Amino acid sequence: VQLQASGGGLVQAGGSLRLSCAASGGSFSSYGMGWFRQAPGKERVFVSAINWRSDGITHYADSVKGRFTISRDNAKNTVYLQMNSLKPEDTAVYYCAANPNGRYTSPFASGYTYWGQGTQVTVSS
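It should be emphasised that the depicted structure is a prediction, and the values quoted were computed from it without experimental measurement. The written sequence of each chain sets the order in which its residues are numbered from 1. The predicted origin of the model limits local features to residues at a pLDDT of at least 70 and limits the giving and counting of side-chain atom pairs to 80 or more, whereas totals for whole chains, interfaces and linings rest on all residues. Just so you know, side-chain values use all the structure's heavy atoms and leave hydrogens and water out.

Peer 1: Help me get a handle on the pattern of salt bridges, residues and values and all.
Peer 2: Only one rule defines a salt bridge in this text: a Lys or Arg side-chain nitrogen within 4 Å of an Asp or Glu carboxyl oxygen. Applying the stated rule across the entire model yields 3 salt bridges. Here Asp90 and Arg37 are joined by a salt bridge, their closest N and O atoms 2.9 Å apart. Placement of Asp90 in the loop between β8 (78-83) and β9 (92-99) and of Arg37 in strand β4 (residues 32-38) is noted, with a sequence separation of 53 residues between them. A salt bridge links Asp62 to Lys65; the nearest nitrogen and oxygen atoms lie 3.2 Å apart. For helices the rule is a DSSP run of H or I covering at least 4 residues; for strands it is a run of E covering at least 2, with both sets numbered from the N terminus onward.

Next comes the structure, spelled out in structure tokens:
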């Protein structure tokens, strides 16, 4: 399975971005999908996850609840992360990840088997 994340960029505080993660080479519609982020000098942390269903169970880190929305389009093998009301502390490299046990969402990096290459999000104050 290959995951390709895109959509990062530079945005002012209060702005929005939508990240995309396109999957190829596997059974996307059966995977749970997650987003993590890693700021410079810090550990990779959980952002959001969605189980295998397009209208599936979602899970968010407290720091992004109410601002970020995860969704997926199984017909396009793509998962999205809509990020609104961005803050400077959201600045990080964002990674998408796939969990073959798609019934569950997981906030732990160890719960994911496949990882994308990351896309940089920079929020200026």
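Moving on from the model shown.
Peer 1: Report on the pairing of strand β5 (residues 44-50), specifying residues and quantitative values.
Peer 2: Of all 7 residues making up β5, 5 are buried, and the element is well covered by its neighbours. Pairing of β4 with β5, which is carried by 6 bridges, proceeds in the antiparallel orientation. Bridge assignment links Gln38 to a residue of β5, and that residue is Arg44. One bridge is not enough; two strands pair if DSSP finds at least two bridges between them. Counting the residues between successive antiparallel strands, the hairpin from β4 to β5 contains 5 residues, one of them, Gly41, with a positive phi of roughly 75°. Alignment of β5 against strand β6 (residues 58-60), held across 3 bridges, turns out to be antiparallel. Its bridge partner lying in β6, Ala49 is registered against His59. Think of it in three bands: with a 1.4 Å probe and only protein chains considered, a residue is buried below 20% of the maximum accessible area for its type, exposed above 50%, and partly exposed in between.

Peer 1: Summarise the nonpolar core; cite the residues concerned and give the values.
Peer 2: Note on terminology: a nonpolar core comprises buried Ala, Val, Leu, Ile, Met, Phe, Trp, Tyr and Cys residues joined through side-chain atoms within 4.5 Å. Counting residues in each nonpolar core, the largest one holds 34 residues, and the members touching the most others are Met33, Trp35, Phe68, Val79, Leu81, Met83 and Tyr94. Sorting the residues of this core by element identifies β1 (2-6), β3 (17-24), β4, β5, β7 (68-73), β8, β9 and β11 (119-124) as the ones contributing at least two each. A total of 5 residues in this core trace back to one element, the largest contributor, which is β9. Any two residues whose heavy atoms approach within 4.5 Å at even a single point are treated as in contact. Among residues more than four places away in sequence, those in contact with Phe68 are Arg37, Val47, Tyr60, Leu81, Gln82, Met83, Asn84, Leu86, Asp90 and Tyr94.

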